[in-house]
Amino acid sequence: MKKTGLQILKDNTMLIVLVLVYLFFTWRTGGAMFSPFNFNELITQNAYVFILASGMLMCMLTGGNIDLACGSLVCFLGAIGAYFMAIQEMNPVIAIILMLLIGIVYGCVLGYLIAYINIPPWIATLAGYLAFRGLGTNILSSNSKTGSISVKKVESFLGIFAGKLFKTKMGILNVPCLVVGIVIAVLVVALNVINRANKVKKGYEADTMAMMLGKSVLEAAVILLVAYKLAMAGGIPTVLVWVGLVVLFYNFITEKTTIGRHFYVVGGNREAARLSGVNTRRIMFVAYLNMAIVTVITTWVVLGRVQAANSTAGTNFEMDAISACVVGGVSAYGGAGRIFGMVIGATLIGVINLGMSLMNIDANYQKVVKGVVLLGAVAFDILSKRRSK
Amino acid sequence: MAKILLEMKNITKTFPGVKALDNVNLKVEEGEIHALVGENGAGKSTLMNVLSGIYPYGTYEGDIIYNGEVCKFNTIKDSEGKGIVIIHQELALVPEMSIGENMYLGNERGRKAAIDWNTTYAEADKYLKMVGLSESSKVLVKEIGTGKQQLVEIAKALAKKAKLLILDEPTSSLNEEDSRALLDLMLGFKKQGMTMIIITHKLNEVSYVADKITVVRDGSTIETIDNANHDIDEDRIIKGMVGRELTNRFPKREGVKIGDINLEVEHWTVRHPLYPERTVVNDVSINVRKGEVVGIYGLMGAGRTELAMSIFGQSYGILAGGTLKIDGKEVKLKKSPTDAIKHKIAYVTEDRKGNGLILSQSIKVNTSLANLDSLASHMVIDKDKEYQVAEEYRDKLKTKTPTVEQLVGNLSGGNQQKVLLAKWMFAEPDILILDEPTRGIDVGAKYEIYCIINDLAAAGKSVIMISSELPEVLAMSDRIYIMNASRMVGEMKASEATQENIMATILKSGRGD
């Protein structure tokens, strides 16, 4: 079965939409969208979405379940972290571990309530949504007159989560950064070639040589472009490394491992999964424990970027993560969705956000546009699937 | 000669890439019961969808002539307006609503926005009487059994002033008693002048109730057989359906050596998960030997599925007592299917769509699911191996599909059943419990499933086959257990069993209570 050109377009509609939207904003902003500074900005602004949405995707796979509490948890954990690092002057490494431990304890409790007590996830997390915002605000207001704790002085912390690798000045070509880009591009192309050769050798269905080469060239070009832009913007943001690790990790889990497969089958038909020997309760437990851990990573990244903990931190994060998943083709009913799709979805939303800001569109209208995009993406997805049936 | 009420002339319906109906002709006389038979996917349902306007005029070729005029239906409402009412296989009732509300759903009594509930319930009660239901129309649908729900569907159709009633597999979820009552009700309607089309897989019902039988095969009408004397031979119908003489509906199993007792369950008692005061399996003892096929026969609700699922790692109900021995050694299974699988027990469910398969996933994913760990090292799945395994079982079970990447939801019932069997065969069990392995699949696929069962027995597996089809149990089993009202009421060798003495055993046990 050869894929037709039309089929390739259909499989990658969101990617094409992303490119078109990006070109549109580049045109409307007179090229500002394409500048090294805004490339860097796009990554650092949206890092939290990529990380948080990776966890949200795992929850949604289990049957369209979501976590409403993660945004508030970011506020609460941020307040605790900032309090210990800035006010108690605790060693940042210990503070980081402490935040992780709190997240794990909370994740275990939440996972237990959902998986073993059968509390519907949206209710169990609605409680956290309310409680953590209150707790976080309380910590902040009782330790600071302004209701905000700055971590500007904790430089080692900022360096880990909001620094730059191979830091140089803006506008100067950063050679190590470019070299890293070239190495990654070569690795990706090599992997494509090896994968195809393996498939052909074993007689499996494989892309044609031309398609594989075309794909490799495109992928390498995108990687090199990003590397070049970042090289001109002063180096690789450390947060990109964090995002990369998280995304690659969950991509590996969902595509290659038995536990990842179990997430899909639990979402596809929970009873069938149970009767096939899948421990469905444990999967639910892991989904929400994992979500809490991912939220901790998000907190580190956000605290690093904002350089302060305040009571509005994490507002609507849960909605951003859900939107990224849904726009990226993750099923709202569970059982289907890929990390790659989520990344495209998150990037698309990020591009729209940044583009509209650069165009100085009123913030209220920005919200309207985002809502319409979300609805449009899902409607489009459903309609295109219906037609292909 | 009676008047022709409905004539479908040269109907052709194409879907992208498939010709679902090819020049189909169907003539139904006024006041007759006309049976439509054919294998799954032969085009029976498509034909009825064309008739009822689900596929609107213009999307098919050919003419529908009803009551002397050419009809161009665009929606179901159009065809219902003419008195053509279809009752689908899957009941379309809202459980939380009353019978009356359901009957007039979308057809509400009253004026404009306001519903006249008095008229609704009064009329509903009238039609309920006609179908022989004594329930009030104010009772909620969820409180009555499936058999009665089917009657409510018929009452609902009558309330729409049906002249031509189409019943799609009306007895597929009913037990024999309810089925018989329903068929007799149809005969009663016939006397009053109603015309009916019945689609069914149960050929004994066809010969009992139908005046004429039209056979559909591969999208074409093959023949219309006259059955005015209700004496048609089932083999005669099957011949038309499969296009060849099936000299033997059940393949022979020969030369299989029956070995030692493999699984032995004694005094097994299970209580209902929500109402622990109810005993669903009462002091049941069974055993099965290596290479043996043991049939468990019983009517629906006898406790067969509950027994099977309870043995399979207590996946149903609360175990209140009993011992389980494998190869003579007592085993205490934990309350998890995983533990049962580890002890080489497999349970192949009766409800393949509900809790057997993951319809949104591929054949490959479904095949490997119960034994995924064997394809993985350190939790990383070897996808090449997984693909090979799926291919291997596709060949072995002759599953019809272009590729194992195909979604299971797109397969026919028979092929889905094969994927379900493949999943459990790949789990390499010693003991297989097959719950209604041939439910809702056509004659050809049934034969292939029987062959698979024979192969399993020949490979030394112990097979427990639960079924409510007597001919199947009689032909396939070495030994037969008979279950009724939560108890095991009889055990006999297949060679000594007949339909009569099995039914007699059940009836006698019923009187004892």
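No experiment lies behind these values; they were computed from the predicted model shown.

Cut-offs applied
Position numbers for residues count from 1 along each chain, tracking the sequence in the order it is written. Labels follow written order: the first chain is A, the first ligand is 1, and so on. The model is predicted, so local features are restricted to residues of pLDDT at least 70 and side-chain atom pairs to those at 80 or more, both for listing and for counting; the totals for chains, interfaces and linings are taken over all residues. Residue pairs are scored as contacts if the distance between their C-beta atoms, which are placed from the backbone, is within 7 Å. Only Asp, Glu, Lys and Arg are considered charged in this grouping, and only Ala, Val, Leu, Ile, Met, Phe, Trp, Tyr, Cys and Pro are considered nonpolar; every other residue, Gly among them, is considered polar. The domain boundaries here were taken from an automatic or database domain assignment. Runs of E in the DSSP output that reach at least two residues are strands. Runs of H or I that reach at least four are helices, and both are numbered from the N terminus. Strands were regarded as paired on the criterion that DSSP finds at least two bridges between them. Axis lines are fitted to C-alpha atoms, over the contacting stretch for helices. Their N-to-C directions set the angle, which ranges from 0 to 180 degrees. What makes a nonpolar core is a set of buried Ala, Val, Leu, Ile, Met, Phe, Trp, Tyr and Cys residues, with links drawn between C-beta atoms within 7 Å. Buried residues are those with 20 or more other C-beta atoms within 10 Å of their own C-beta, exposed residues have 12 or fewer, and partly exposed residues lie in between; C-beta atoms are placed from the backbone.

1. Things to note about the interface of chain B and chain A
Buried accessible area, meaning the area lost when the parts come together, often serves as the stated size of an interface.
So, step 1. Opposite the 24 residues of chain B that make contact, chain A presents 20 residues.
So, step 2. Grouping the constituent residues of the side of chain B that touches chain A by class yields 13 nonpolar, eight polar and three charged.

2. Some details on the domain arrangement of chain B
Residue and element names in this part refer to chain B.
So, step 1. By domain assignment, chain B separates into domain 1 (1–83 + 163–247), domain 2 (91–161), domain 3 (262–344 + 430–513) and domain 4 (355–428).
So, step 2. Of note, the centres of domain 1 and domain 2, computed from C-alpha atoms alone, are 26 Å apart.
So, step 3. At the junction of the two partners, domain 1 supplies nine residues and domain 2 supplies eight residues.
So, step 4. Broken down by element, the residue count for the side of domain 1 that touches domain 2 peaks at three residues, all from helix H6 (residues 176–191).
So, step 5. Within the side of domain 1 that touches domain 2, the residues separate by chemical class into five nonpolar, two polar and two charged.

3. Notes on the sheet that holds strand S21 (residues 431–435) of chain B
Residue and element names in this part refer to chain B.
So, step 1. Reading across the sheet, the six strands line up as S18-S21-S22-S15-S23-S24 and stay open at both edges, with mixed pairing between neighbours. Of all the strands in the sheet, just strand S18 (345–348) and strand S24 (487–493) have a single pairing partner and so form its edges. Averaged over neighbouring strand pairs, the angle between their axes works out to 20° when direction is ignored.
So, step 2. The sheet contact formed by S18 and S21 spans four bridges and is parallel. Its bridge partner lying in S21, isoleucine 345 is registered against isoleucine 431.
So, step 3. Across the sheet, helix H9 (residues 304–311) touches strand S15 (293–297), S18, S21, strand S22 (462–467) and strand S23 (479–484), and the angle it forms with S21 is around 150°.

4. Here we look at the sheet that holds strand S10 (residues 195–199) of chain B
Residues and elements named next belong to chain B.
So, step 1. Within the open sheet, the six strands sit side by side as S6-S9-S10-S3-S11-S12. Their pairing is mixed. Every other strand in the sheet has two partners, leaving strand S6 (84–87) and strand S12 (220–226) as the edge strands with one partner each. Going across the sheet, the axis of each strand differs from the next one's by a mean of 20°, ignoring polarity.
So, step 2. With five bridges joining them, strand S9 (residues 164–168) and S10 adopt parallel strand pairing. Following the sheet pairing, leucine 164 is matched in S10 by threonine 195.
So, step 3. Each of strand S3 (33–37), S6, S9, S10 and strand S11 (212–217) is contacted by helix H1 (residues 44–52), which is oriented at about 145° to S6, the strand it contacts most.
So, step 4. The strands touched by helix H8 (residues 234–242) within the sheet are S3, S11 and S12, with S11 carrying the most contacts at an inclination of about 30°.

5. A look at the nonpolar core
Buried together is how nonpolar side chains tend to be arranged in soluble globular proteins.
So, step 1. If you look at the biggest cluster of nonpolar residues, it comprises 174 residues, and the most contacted ones within it are Ile51, Ala53 and Cys325 of chain A together with Ile433 of chain B.
So, step 2. Not counting residues within four places of it along the chain, the set of residues in contact with isoleucine 51 of chain A comprises Trp242, Val243, Val246, Val294, Ile297, Thr298 and Val301 of chain A.
So, step 3. Membership of the second largest hydrophobic core comes to 65 residues, among which are Val50, Val85, Leu164 and Leu183 of chain B.

6. Quick look at the domain arrangement of chain A
Residue and element names in this part refer to chain A.
So, step 1. Taken domain by domain, chain A holds domain 1 (36–166 + 241–306) and domain 2 (168–234).
So, step 2. Inter-centroid distance (C-alpha atoms) of domain 1 to domain 2 is 30 Å.
So, step 3. On the domain 2 side, the residues contacting the six residues of domain 1 number 10 residues.
So, step 4. Considering only residue class, the side of domain 1 that touches domain 2 consists of four nonpolar, one polar and one charged.

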